[in-house]
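Here is what each chain is made of, one letter per residue.
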Amino acid sequence: MARLLRHFPAYSATAALGLILLVFIALPVGMVLSESVRLAGPIPLHDLARITEDALERLDPADRARQTERWVGSLRPEERTATVAGALALVGMNVPWDRRAPFDEQAAAAEAAVRGLTAAQRQKFDAVYPLAAITLHKRIALAFRLRDKLTPAEFDQLREGTRQGYGLDHYMAVFNSPRLQTAFRNSLSLSAVVSVVATATGFVIAYGINRGAILGSRLVRYLTLIPLVSPPVVIATASILMFGRNGAVTKGLLQDTFGLIDADQTNLYGWGGVILAQTLAHVPHAFIILDNVLSKHDGRIEEAAASQGASAWQVFARVTLPMTQPGIARSLVLVFMLIMTDFGNPLIIGRDIPVLAGILYDEMTGFQNTRLAAAVAVWMILPALLIYVLIERIGRRKRYASAVGAPPELPVPAQARFALNAVAWGVIGLTLVLYGAIVLASFVKIWRVDHTPTLAWYITGGVAGFVSEQHGVTAVWESVKVAGLAAPVGGMLAVALAYLVERARVPGGNALGFIALLPAILPGVILGVGYVVAFNLPLGIKSLALTGTMVILVLNILFANMFIGYLAGRAVLQRYDAVVEEAAESLGASLWQRFAWVTLPVMRHALVLGTLYVFVHGLTTLSAVIFLVSPAHKLASVEIFDAAERGHYGVASALSVTILLIVFAVMGLIHWMERRGPVWAKVGALAADRA
Amino acid sequence: MTQVALRDISKTFGPVRAVDGVSLDIESGEFVCLLGASGCGKTTLLRILGGFTRPDMGEVLVNGKRVDMLPPNRREVGFVFQSYALFPTKTVAENIGFGLAVRRRPKTEIAARVAELSELVRLNGMEQRYPHELSGGQQQRVALARALATRPAMLLLDEPLSALDAKIRAHLRGEIRAIVDRLGITTVYVTHDQEEALSIADRVAVMDAGRLLQIDSPMDIYLRPRERFVADFVGTSNALAARPVDGRRVQLADLTMDVPVPDGLAAASSITVCIRPENVVVRPAGSGGGAGRLHSVTFSGAMVRAVVATAEGRELVADVPTHEWRRLALRRGDAIAWTVRPDSLILLPGDQG
């Protein structure tokens, strides 16, 4: 009893927090999974024929023959035509006429088609014709004839030809539908290529910096991370400005100046462009993971290898590379997952390369087919999870980190040094050129057409008539409002949760921690789709609906990004002695007093980090909120995407530049307040550790 | 025969003079300890020998040839690191055989050498384990075997035992010395632990602030330190101001002792006398010698450490064997008389008391 009383505050706080996490993280994720296996609507012909056949089997043979003959004989002409089409489909042949044409045309075409069959085809056709006829037109009669022998569900199914149930049909669509097949293949290839290229590039930069081989390594570190805090599709948009059909490089330089290429033919649209844009956008993720791993290697190990007589190359190939392998694997999986689920860039420059993300976007926004979209979302993360599990099984969880982090005092050979610098500065140079293009494009009337300086894109310029009229960068303020609401709450919740799990050690705390970390493992689209499914009509009560409100945006941004604060909070608490806490308790401090006076000051850094992460991601995220915005509540990141997709680069650029400025200003402010090194590197290190 | 010669080596890191004009000759087959507090430059000096750090000035000669421009992989030295620095992705056997593997020696030769060294460091049966499956002591044995596998001309050890607990440390120290003796390899061993240095080395080189203060046999370092720092760093010592009297005697407080004073100090008006605690004799008051009072008493098994406040207001640390202390039956606060054993006085220049 006393124990219960002592722990009551912690328990009740946990219960409240647990409920919140269940509703806003676990429920949407669960709903996506359940939605993806829910089936409804007409049963496909093949399945319906099988069901009808089963039902026919239950008639006694004499009755069956008699009834079949009677049913087939009683078909009306238009029913006969439909039956021919059905029978052709059942034997696996194409229906060679337009099913929406006037009836007499169809009837003639059907007769012609039947006449045109070979003897073998004709035999098969005749065999299924009666079944096709009953399946399409006499199911109801059959159902009533069998009423006593069927369960009510079977009866309804046979009579209606529709179903409500559960099945993997939406998942199978990836194998059955050519459209999804192609998209799945494209997604896999694109993700595989980019994860390899981005990881290799990230490794080169991280290795160069950690071995002191890169000129201006501090600057390189900062610049490499810029795409991480950028609004979506900046790189795709900028790439179009530079390398598109009317790009500054492709048209302006290579075609008009040198006459080398035809920019209408040779441009970035297609595989090359998507790979380039996605690589540039995801090098930072790979870099952070590998930088984190390489900086924790004990440099003495490489020195030991050198001392054993190994050449620089041998040290690298036999010691450094194997030790970095776990980090390389994590980077490959993370980038693979990010590319699989990323919308922005492939939709802007790779429209002729369908990918799963594009299908999901179309299904959600175009057809409101949330069930198929949910299944596609699961397909988007399944390969990466599979690879991850496989790696874990094969390689255990190896980490070669050490407390002694000093890099080895071994000189990098001159050629290698040159190559490392070339790659690092090449990537950064290209990135800077692209960002420069965005800045320029935001200040001119029309890129490469009318270079009159203007502030119109910031003030009045807009895209008329899409979701609604939009002026200048007003959408940014909506974004700032939403992110600004989500950030402090998310930071506080995260730190409180970290405290309850790590320090109060409440029962069930670890399960809560796992739920809080789900958004870190699952990509934004899952949570985005989940919020639509879960909060469109919660419990069937219209007045509880959150879709179309600003609240749903705030909640989504908050819960999708609070995990960083939670991880940072736990990391801080693990480093600081629990005895201090117990001392405070022995002096009579309550749970709240201990948290507020003793622990919170220690965790301030985690709180700042968590808040900042929610804020910055709230400004730049696309994949989750794209399904949650509404005409009344738009977010800048979605506006950028819409504008860029429809070729309004001035608007997209001005919005992007404004967001970048806000992000840099906020980060600069925090950096100045904290004076503890690059804030973002810490966020990155945490993100890397969870990956 | 001199195998390794350091000539006037200096190395600075930014504003820090890590090594400051060190010259040192090491005989072939000799075991030399570099001893000093952390940051004294001993590890930097060792890393210069290993080829990891390039000196700003000076020369490193091995068998008369300059090597200070050679990278580590062309030095023919075996290096043992404080953090073991085993290859975490490789088994014990692969770690030991690494140096031979990068030299592209035949597999059979490598296997034979690995077996031989596993035997030498008593790790047989563990060849297929990974470093993280070994204890700290075992890891350091692997590191030692790896360093020896390529038959280097010189073995360099950088605080190899400091990450281990005391018992294993003492044991492994003896083993390292035995292995080195068996192989007759020239060895340089860095440590901050004076007891370790005194017990393991042929010669101990004491360093402070980048400078080499004294290099001598362990016994000489302890009994005849040439600088106050050495006297204080190696063992405990009481430093008192004294006055030389006509070259044969030393006036210390109210005691006058017959001690031959070296020529260089005889003319000085004031010198420093260092006395080891075991050479301070404590008796009941009135038995002659300096007057004092027992300030504190600490029992530590075989010895009792008594701190005496002298009449002049100085503190004097005395170690008294326990059996003798029981005879004295003194208690804290008692008035006592103290003397020192004259033949144990260490005379140093200057008034450094």
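Every value quoted in this text rests on a predicted model; they were computed, and no experiment measured them. (Residues numbered from 1 in each chain as written. Chains lettered and ligands numbered in written order. Predicted model: local features only at pLDDT ≥ 70, side-chain atom pairs only at ≥ 80, totals over all residues.)

1. Some points on the overall build of chain A
A count of helical and extended segments in chain A gives 30 helices and four strands. In terms of overall dimensions, chain A has C-alpha extents of about 90 × 85 × 65 Å along its principal axes. Per-residue burial over chain A gives 47% buried out of 691 residues. A separation of at least 24 residues holds for 79% of the contacts in chain A among residues at least 6 apart in sequence. (Helix = DSSP H or I, 4+ residues; strand = E, 2+ residues; numbered from the N terminus. Buried ≥ 20, exposed ≤ 12 C-beta atoms within 10 Å, placed from the backbone. Contact = placed C-beta atoms within 7 Å.)

2. Side note on the overall build of chain B
Looking only at helices and strands, chain B features ten helices and 20 strands. Oriented by its inertia axes, the alpha-carbon framework of chain B measures out at about 80 × 45 × 35 Å. Among the 353 residues that make up chain B, the fraction classed as buried is 41%. Relative to all contacts within chain B whose residues are 6 or more apart in sequence, the contacts with residues 24 or more apart total 65%.

3. Some remarks on the pairing of strand S10 (residues 211-216) of chain B
Residue and element names in this part refer to chain B. With five bridges joining them, strand S9 (residues 203-208) and S10 adopt antiparallel strand pairing. If you follow Asp 208 over to S10, its bridge partner there is Arg 211. Here S9 folds back onto S10, and the loop between the two strands holds two residues, one of which, Ala 209, carries a positive phi near 50°. (Pairing = 2+ DSSP bridges.)

4. A look at the pairing of strand S6 (residues 77-80) of chain B
Residue and element names in this part refer to chain B. Burial of the side chains of S6 extends over both faces: Val 77 and Phe 79 are buried on one face and Gly 78 and Val 80 on the other. As paired strands, S6 and strand S7 (residues 154-158) are joined by four bridges and run parallel to one another. Its bridge partner lying in S7, Phe 79 is registered against Leu 156.

5. As for helix H25 (residues 563-575) of chain A
Residues and elements named next belong to chain A. Taking 1.5 Å per residue as the helical rise, H25 with its 13 residues ought to reach 18 Å, and the 18 Å between its terminal C-alpha atoms agrees with that figure. H25 sits mainly inside the fold: eleven of its 13 residues count as buried. The set of residues buried in H25 consists of Phe 563, Ile 564, Gly 565, Tyr 566, Leu 567, Ala 568, Gly 569, Arg 570, Ala 571, Val 572 and Leu 573. (Expected span 1.5 Å × (residues − 1).)

6. Topic: the sheet that holds strand S19 (residues 335-340) of chain B
Residue and element names in this part refer to chain B. Sheet architecture is open: five strands sit in the order S15-S19-S16-S17-S18, paired in antiparallel fashion. Each having just a single partner strand, strand S15 (280-284) and strand S18 (315-321) make up the two edges of the open sheet. Mean inter-strand twist for the sheet, computed between neighbouring axes without regard to direction, equals 45°. Bridging between strand S16 (residues 290-299) and strand S17 (residues 303-310) involves seven bridges; their strand directions are antiparallel. Bridge pairing links Val 297 to Ala 306 in S17. (Axes fitted to C-alpha atoms, helices over the stretch in contact; angles between N-to-C directions.)

7. Focus on the interface of chain B and chain A
Counting residues at the interface gives 20 residues for chain B, matched by 20 residues for chain A. Ranked by the residues each element gives to the side of chain B that touches chain A, the list is headed by helix H2 (residues 92-102) of chain B, at three residues. When the residues that make up the side of chain B that touches chain A are grouped by side-chain class, the tally is eleven nonpolar, seven polar and two charged. (Nonpolar A, V, L, I, M, F, W, Y, C, P; charged D, E, K, R; others polar.)

8. Structural notes on the domain arrangement of chain B
Residues and elements named next belong to chain B. Splitting chain B by domain gives domain 1 (2-232) and domain 2 (237-349). At the interface, six residues of domain 1 touch six residues of domain 2. Looking at the side of domain 1 that touches domain 2, its residues break down into two nonpolar, no polar and four charged. (Domains from an automatic or database assignment.)

9. Things to note about the sheet that holds strand S12 (residues 249-252) of chain B
All names here are of chain B. As summarised here, the arrangement of the five strands in space is S13-S12-S11-S14-S20, forming an open sheet in which the pairing is antiparallel. Here the strands that pair on one side only, and so sit at the sheet edges, are strand S13 (255-258) and strand S20 (346-349). Going across the sheet, the axis of each strand differs from the next one's by a mean of 40°, ignoring polarity. Sheet topology note: the S12/S13 ladder contains four bridges and is antiparallel. Its bridge partner lying in S13, Leu 252 is registered against Leu 255.

10. Some remarks on the nonpolar core
All names here are of chain A. Residues Leu 356, Ala 377, Leu 497 and Val 529 are the most contacted members of the largest nonpolar core, which totals 176 residues. Ranked by residue count, the leading element in this core is helix H21 (residues 474-504), at 16 residues. Residues from two domains meet in this core; each of domain 1 (2-36 + 463-690) and domain 3 (173-454) gives at least three. In this structure, Ala 377 is in contact with Val 32, Leu 360, Val 525, Ile 526 and Val 529, ignoring residues within four places of it in sequence. (Core = buried A, V, L, I, M, F, W, Y, C linked by C-beta atoms within 7 Å.)

11. With respect to the packing of helix H3 (residues 107-120) of chain B against helix H4 (residues 136-149) of chain B
Residue and element names in this part refer to chain B. Here H3 crosses H4 at 135°, and the two axes come no closer than 10 Å. The orientation of H3 relative to H4 falls into the category oblique. In the packing of H3 onto H4, the handedness of the crossing is right-handed. Mapping the contact onto sequence places Arg 113, Leu 117, Ser 118 and Leu 120 in H3 and Ala 145, Leu 148 and Ala 149 in H4. (Parallel < 35°, antiparallel > 145°, perpendicular 65-115°, else oblique. Left-handed = near helix turned anticlockwise from the far one by under 90°.)

12. As for the environment of A:Ile288
All names here are of chain A. Structurally, Ile 288 is set in helix H13 (residues 271-295). Residue Ile 288 is classed as buried on the basis of its C-beta count, with 28 C-beta atoms lying within 10 Å. Once the C-alpha coordinates of Ile 288 and Ala 498 are considered, the two residues, 210 residues apart in sequence, prove to be 24 Å apart.

13. Digging into the confidence of the model for chain B
For chain B, mean pLDDT is 90; residues scoring 70 or higher make up 99% of the total. Prediction confidence for the complex, expressed as pTM and ipTM, is 0.81 and 0.85 respectively. (pLDDT = per-residue confidence, 0-100.)

14. Some thoughts on the domain arrangement of chain A
All names here are of chain A. In terms of domains, chain A is made up of domain 1 (2-36 + 463-690), domain 2 (41-166) and domain 3 (173-454). Between the C-alpha centres of domain 1 and domain 3 there is a distance of 25 Å. If you look at the interface, domain 1 gives 39 residues, while domain 3 gives 39 residues. A per-element tally of the side of domain 1 that touches domain 3 places helix H29 (residues 649-674) first, with ten residues. Taken together, the residues of the side of domain 1 that touches domain 3 break down into 29 nonpolar, eight polar and two charged.

15. Some thoughts on the environment of A:Leu635
All names here are of chain A. Its location among the elements puts Leu 635 in the loop between helix H27 (591-620) and helix H28 (636-645). Residue classification places Leu 635 among the buried residues on the basis of 28 C-beta atoms within 10 Å. In contact with Leu 635, other than residues within four places in its own chain, are Ala 475, Glu 478, Ser 479, Val 482, Leu 553, Val 625 and Val 629.

16. A few points about unusual backbone geometry
Residue and element names in this part refer to chain B. A positive phi angle, close to 60°, is found at Glu 76, a residue other than glycine. With respect to the secondary-structure elements, Glu 76 resides in the loop between strand S5 (65-66) and S6. A positive phi is found at Glu 159, a non-glycine position, where the angle reads about 40°. Among the structural elements, Glu 159 can be located in the loop between S7 and helix H5 (166-183).

17. What about the packing of helix H4 (residues 77-90) of chain A against helix H5 (residues 103-115) of chain A?
All names here are of chain A. It is the contact of H4 with H5, at a shortest axis distance of 9 Å, that shows an interaxial angle of 45°. Here H4 is positioned oblique relative to H5, judged by the angle of their axes. Here the hand of the crossing between H4 and H5 comes out left-handed. Contacts between H4 and H5 involve Pro 77, Glu 78, Thr 81, Val 84, Ala 85 and Leu 88 from the former and Phe 103, Gln 106, Ala 107, Ala 110, Ala 113 and Val 114 from the latter.

18. Here we look at the confidence of the model for chain A
Summing up the model confidence of chain A, the mean pLDDT is 84 and the portion of residues at 70 or higher is 93%. Mean pLDDT across the elements of chain A ranges from a minimum in helix H30 (residues 679-690) of chain A, with 53, to a maximum in helix H9 (residues 178-210) of chain A, with 93.

19. Remarks on the environment of B:Phe229
Residues and elements named next belong to chain B. Within the secondary structure layout, Phe 229 lies in helix H8 (residues 228-233). By the C-beta count within 10 Å, which is 19 here, Phe 229 ends up partly exposed. Each C-alpha atom, one on Phe 229 and one on Thr 108, is 53 Å from the other, the two residues being 121 residues apart in sequence. Not counting chain neighbours up to four residues away, the residues in contact with Phe 229 comprise Asp 208 and Leu 213.

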